[in-house]
Amino acid sequence: MGAILLVGSSGQLGLELQKQLKDKNFEYITLDLPKFDITELDLVIEKITNEKLDIIINCAAYTDVDGCENNKETAFKVNALGAKNLAIAAEKIGAKLVHVSTDYIFNGQGEKPYKEYEHSSPQTVYGKSKLLGEKYVEQFSSKFFIFRTAWLYGDGNNFVRTMLRLAEENEELNVVNDQIGSPTSTVDLAKTIIDLMETEHYGLYHATCEGQCSWYDFAKKIFEIKNIDIKVSPVSSDEFKRAAERPKYSVLDNYMLKLIDKNNFRYWEESLEEYLEME
Ligand SMILES: NC(=O)c1ccc[n+]([C@@H]2O[C@H](COP(=O)([O-])OP(=O)(O)OC[C@H]3O[C@@H](n4cnc5c(N)ncnc54)[C@H](OP(=O)(O)O)[C@@H]3O)[C@@H](O)[C@H]2O)c1
């Protein structure tokens, strides 16, 4: 087997994938900013066709949801064109492409977990740019995996670390209670990516931890596990106005993973406990 290329390897998911690939003795290389910018087609093709690769894993994205509203061009360049460039290059060398997408491709007004076949209708620049990225991957590469995940935390800036920091600086916190999702550990997501990437189970997958909660429930659980005594009050999203509107309901059903008997995601509380042992 040729090598694996990890793009965006210093982001949250990229770092966890590096760890797990190393542990499993996979041969991999990384290409990252500033030398490797996925928005530059010629560069992407040149670098990728110079390597003997079987699998390209794209963890690179412009993930600042509010930033995307104010930098629409960058959002579409990175999240849509970047994905397209990697798909074109992967196809040129016959490599598989693993791509990561998001719950933001839905409108967030659902009432039951979204399945892969349900209608996408993104409401934000981030969601729209990520949906176009998915479409390009489907269009330009023939051996692709797309994993839609949500509420991701790992080694990097994320909600868990923000809560722990805020708890050190404040005596009480207000946390929104009217947005529902599934906190997902990069550990679980990376395991699923590695499990599937060597197979021919190509296609689109929802890939989040099991169970659901609000950001308020998530915060309470973090403090309970860490034995942090702090007053947390539930508030509505109206009290936390952001540039990008947040989906009210973001729960994904890992339906296609279940159908191929590959849904090994744990309940979010269990993955969180493991994560917090290290924090
Ligand atoms: N975080 C979440 O809650 C969440 C939820 C749902 C889906 N996702 C998706 O999951 C994937 C991984 O997310 P993450 O949280 O690991 O992201 P992250 O920590 O923000 O990492 C993204 C990486 O992409 C790199 N990058 C940005 N623009 C690039 C470009 N033009 N060329 C090459 N690399 C570039 C970034 O580099 P710099 O740091 O140098 O900019 C960073 O290393 C993304 O596809 C994201 O859309 C994330």
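Just so you know, these numbers come straight off a predicted model, no measurement behind them.

1. Focus: the pattern of salt bridges
Taken as a whole, this structure holds 15 salt bridges when the rule is applied. A salt bridge links R242 to D66; the nearest nitrogen and oxygen atoms lie 3.3 Å apart. Linking R242 in the loop between strand 12 (231-235) and helix 9 (255-259) with D66 in helix 3 (residues 65-70), this pair joins segments that are 176 residues apart in sequence. Assessed through its relative accessible area of 47%, R242 is described here as partly exposed. Using a relative accessible area of 17% as the deciding quantity, one classes D66 as buried. Two residues, E279 and R161, come together in a salt bridge whose shortest N-O distance is 3.0 Å. Of this pair, E279 sits in the segment after helix 10 (268-278) while R161 sits in helix 6 (residues 159-169); the two residues are 118 residues apart in sequence, bridging distant segments of the chain. When salt bridges with common partners are traced through the structure, they connect D66, R242 and R246 into a single cluster.

2. Overview of the environment of T102
Mapping T102 onto the fold places it in strand 4 (residues 96-102). On the basis of relative accessible area, T102 is assigned to the buried category, the value being 3%. Once the C-alpha coordinates of T102 and H206 are considered, the two residues, 104 residues apart in sequence, prove to be 8.7 Å apart. Residue contacts for T102: discarding those within four places in its chain leaves Y126, K130, R148 and T149.

3. Observations concerning the nonpolar core
The biggest cluster of nonpolar side chains holds 50 residues, and the ones touching the most others in it are I57, F218 and I222. Look past the residues within four positions of F218 in its chain and what remains in contact with it is W151, Y153, F159, V160, P183, C213, W268 and L272. Core analysis: the next-biggest nonpolar cluster, separate from the first, contains 33 residues, I45, L53, A89 and A244 among them.

4. Comments concerning the UniProt feature "domain: RmlD-like substrate binding" (unreviewed entry) in the protein
What UniProt calls "domain: RmlD-like substrate binding" (unreviewed entry) maps, in this numbering, to residues 4-277. Across residues 4-277, helical content stands at 42% and strand content at 18%; the span's end C-alpha atoms are separated by 30 Å.

5. Regarding the site of the ligand
Every one of the 23 residues lining the ligand counts as a neighbour, but L13, D37, T63, Y126 and K130 are closest to it. Separating an oxygen atom of the ligand from a backbone N or O atom of G11 is a distance of 3.4 Å. Q12 is positioned such that a nitrogen or oxygen atom in its backbone is 2.9 Å from an oxygen atom of the ligand. Contact with the protein chains hides 77% of the accessible area of the ligand, taken as 910 Å² for the molecule alone. Listing elements by their share of the shell around the ligand, those giving two or more residues are helix 1 (12-23), strand 4 and helix 5 (125-140). For the shell around the ligand, the leading source of residues is strand 4, giving three residues. Taken together, the residues of the shell around the ligand break down into 13 nonpolar, eight polar and two charged.

6. Comments concerning unusual backbone geometry
In this structure, P34 follows L33 across a cis peptide bond, with omega equal to 0 degrees. Within the element layout of this structure, P34 appears in the loop between strand 2 (28-31) and helix 2 (41-49). Look at W151: it is not a glycine, yet its phi comes out positive at around 45 degrees. Here W151 is to be found in the loop between strand 5 (144-149) and strand 6 (152-153). Among the residues examined, W151 registers a relative accessible area of 11% and is labelled buried. For D261, which is not a glycine, the phi torsion comes out positive at approximately 60 degrees.

7. Things to note about the layout of surface pockets
Roughly 380 Å³ of internal volume is contained in the second largest pocket. As for the second largest pocket, its lining consists of 17 residues, and the residues nearest its centre are E16, K19, V187, Y275 and M278. For the lining of the second largest pocket, the leading source of residues is helix 1, giving six residues. Residue composition of the lining of the second largest pocket, by class: four nonpolar, five polar and eight charged.

Quick notes on the rules
- Within each chain, residue numbers correspond to sequence positions counted from 1 in written order.
- Local features in this predicted model are restricted to residues whose pLDDT is 70 or higher, and side-chain atom pairs enter the listing and the counts only when it is 80 or higher, whereas totals over whole chains, interfaces and linings include all residues.
- Values shown for side chains rest on all heavy atoms present in the structure; no hydrogens or waters enter the calculation.
- We count a salt bridge whenever a side-chain nitrogen from Lys or Arg sits within 4 Å of a carboxyl oxygen from Asp or Glu.
- Numbered from the N terminus, helices here are DSSP runs of H or I no shorter than four residues, and strands are runs of E no shorter than two.
- Partly exposed describes any residue whose relative accessible area lies between the buried limit of under 20% and the exposed limit of over 50%, with all areas from a 1.4 Å probe on protein chains only and scaled to the type maximum.
- Should any heavy atoms of two residues lie within 4.5 Å, those residues are considered in contact.
- For this analysis, a nonpolar core means a set of buried residues of the types Ala, Val, Leu, Ile, Met, Phe, Trp, Tyr and Cys, connected via side-chain atoms within 4.5 Å.
- UniProt positions are given in the numbering used here, feature names are shortened, and annotations may be inferred rather than shown by experiment.
- Consider each residue's heavy atoms; a residue with any of them within 4 Å of a molecule or strand counts as near.
- Polar contact is defined as a pair of N or O atoms within 3.5 Å, subject to the rule that within protein one atom must be able to donate a hydrogen and the other to accept it, and that residues adjacent in sequence are counted only when both atoms are side-chain atoms.
- All accessible-area figures derive from a Shrake-Rupley calculation using a 1.4 Å probe, and residue coverage is judged against the displayed protein chains alone.
- Note on residue categories: nonpolar means Ala, Val, Leu, Ile, Met, Phe, Trp, Tyr, Cys or Pro, charged means Asp, Glu, Lys or Arg, and polar means any other residue, Gly included.
- In this analysis a 1.4 Å probe is tested at points of a 1 Å grid over the protein atoms alone, and where it fits but cannot get out there is a cavity; an open set with protein on both sides within 12 Å along at least five of seven lines is a pocket; lining residues have an atom within 4 Å of a point.
- Grid points are joined across faces, edges and corners, and a volume is the space filled by probe spheres set on the points.

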